[in-house]
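Coordinate inspection notes
The residues making up each chain are set out below.
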Amino acid sequence: MSALTGRVAVITGAGRGIGREHALLFAREGASVVVNDPGGANDGTGADAGPAYEVVAEIEAAGGRAVANTRSVTEWDGAASLIEQAVSEFGRLDIVVNNAGILRDAFIASHGEAEWDAVVAVHLKGHFSVLRHAAAYWKAQSKAGRQPNAAVINTASASGVVMPNAGQASYGSAKAAIAALTLVAASELERYGVRANAIAPIARTRLTLATPGMGAVFAAGAQTDSGHDLFDPSNVSPLVAWLASADCTVTGKLFAVQGGSIQELTGWTVAHQIETDGPWEIDDIAGRLADPLPDLTGQRQATR
């Protein structure tokens, strides 16, 4: 039996890049897939139904099951339509993979409001909107005595959690918030039989090729001695498929994935500390924080 046999998945941004590879692999592993993609440009403008329907056609040609959805996850009703379509077409919903994203990079001093809103709308609101409607469905199933075995995989980024990039204030902020949203979702939805994890992928896609300073790196490629392309987006999807499988029990985790490497990431931790027995004084803070502070890393590891 394949890893996802009998499961039903909604995958956003599945017409191209990493999302396309998710959809193709999920279908090969036995899942029925709602392939969502409005087909916009890198910056979210425009629309083209072609990519979503092309992925569906490829899946069906290989004997899989899939339907296309070209609604935008920035629209509340559009996000709801994904869940409704999964249930109406395939009878259930087991997996949500939030992958849709755009870029409108700009330095903070020249960043426009419209650009900020557009990026946050696709990434953060888009993740939340699909998650919210899926959560409502799973909650109702649980309350009716049909406890789900469901999984959510969100898409964060190194830009938001470990490697902030100049010029990506909107993108990095949204991605950092997605990591936090994932942890909240893992805590809230466990009672309904839902696990939530996130990935921070690095791969060659339209968005990464358009990222300042990264295009040349990704375009050049990186191959192993055996000729394996480490930046191929298909490298990301097996981790997502495992996180989506019914046998996986992992929840509340963030994984960086690229090429031949998967790393579990952790969030903000206490690195240094100063204390006082009385009210804080500005001069005291200035004097003590200006000096090197004691490293608490070893202490944290000893208490884990």
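Here's a quick rundown of the structure. (Residues numbered from 1 in each chain as written. Predicted model: local features only at pLDDT ≥ 70, side-chain atom pairs only at ≥ 80, totals over all residues. Heavy atoms only, no water.)

**Some remarks on the packing of helix H3 (residues 76-90) against helix H4 (residues 113-143)**
- Interaxial distance between H3 and H4 falls to 8 Å at its minimum, and their mutual angle equals 45°. Our classification of the angle between H3 and H4 gives oblique. Read as a crossing pair, H3 and H4 show a hand that is right-handed. In contact with Trp76, Ala79, Ala80, Leu82, Ile83 and Val87 of H3, H4 contributes Phe128, Ser129, Val130, Arg132, His133, Ala134 and Tyr137.
- Classifying every residue of the contact of H3 with H4 by side-chain character gives 10 nonpolar, two polar and one charged. (Axes fitted to C-alpha atoms, helices over the stretch in contact; angles between N-to-C directions. Helix = DSSP H or I, 4+ residues; strand = E, 2+ residues; numbered from the N terminus. Parallel < 35°, antiparallel > 145°, perpendicular 65-115°, else oblique. Left-handed = near helix turned anticlockwise from the far one by under 90°. Contact = heavy atoms within 4.5 Å. Nonpolar A, V, L, I, M, F, W, Y, C, P; charged D, E, K, R; others polar.)

**Concerning the packing of aromatic side chains**
- With the rule as written, the count across this model stands at one aromatic pair.
- Ring centres 6.2 Å apart and planes at 35° place the aromatic pair Trp76 and Phe128 in the tilted group. One end of the pair, Trp76, is in helix H3; the other, Phe128, is in helix H4, and 52 residues separate them in sequence.
- Here the basic side chain of Arg191 rests over the ring of Tyr192, its NZ or CZ set 6.0 Å away from the ring centre. (Phe/Tyr/Trp six-rings, centres within 6.5 Å; stacked < 30°, edge-to-face > 60°. Lys NZ or Arg CZ within 6 Å of the ring centre and 35° of its normal.)

**A closer look at the pattern of salt bridges**
- One pass over the full model with this rule turns up six salt bridges.
- A salt bridge links Asp284 to Arg288; the shortest N-O distance between them is 3.2 Å. In this pair, Asp284 and Arg288 are both assigned in helix H10 (residues 282-290), four residues apart and thus about one turn of the helix distant.
- Connected through salt bridges with shared partners, the residues Arg20, Glu21 and Glu58 form a single ionic network. (Salt bridge = Lys/Arg side-chain N within 4 Å of Asp/Glu carboxyl O.)

**Some details on the nonpolar core**
- Membership of the largest hydrophobic core comes to 35 residues, with the highest contact counts inside it found for Leu93, Val96 and Trp138.
- Those elements that place two or more of their residues in this core are strand E1 (8-12), H3, H4, strand E5 (150-155), helix H6 (169-189) and strand E6 (194-201).
- Ranked by residue count, the leading element in this core is H4, at nine residues.
- Ignoring any residue separated from it by four or fewer positions in sequence, one finds Leu93 in contact with Val8, Val10, Ile83, Ala86, Ala134, Tyr137 and Trp138. (Core = buried A, V, L, I, M, F, W, Y, C linked by side-chain atoms within 4.5 Å. Buried < 20%, exposed > 50% of the residue type's maximum accessible area, 1.4 Å probe, protein only.)

**Considering helix H9 (residues 237-244)**
- With respect to burial, H9 is a largely interior element, six of its eight residues being buried.
- The set of residues buried in H9 consists of Ser237, Leu239, Val240, Ala241, Leu243 and Ala244.
- Turning to H9, the residues buried within the fold contact helix H1 (17-28), strand E4 (95-97), E5, E6, strand E7 (254-258) and strand E8 (261-265).

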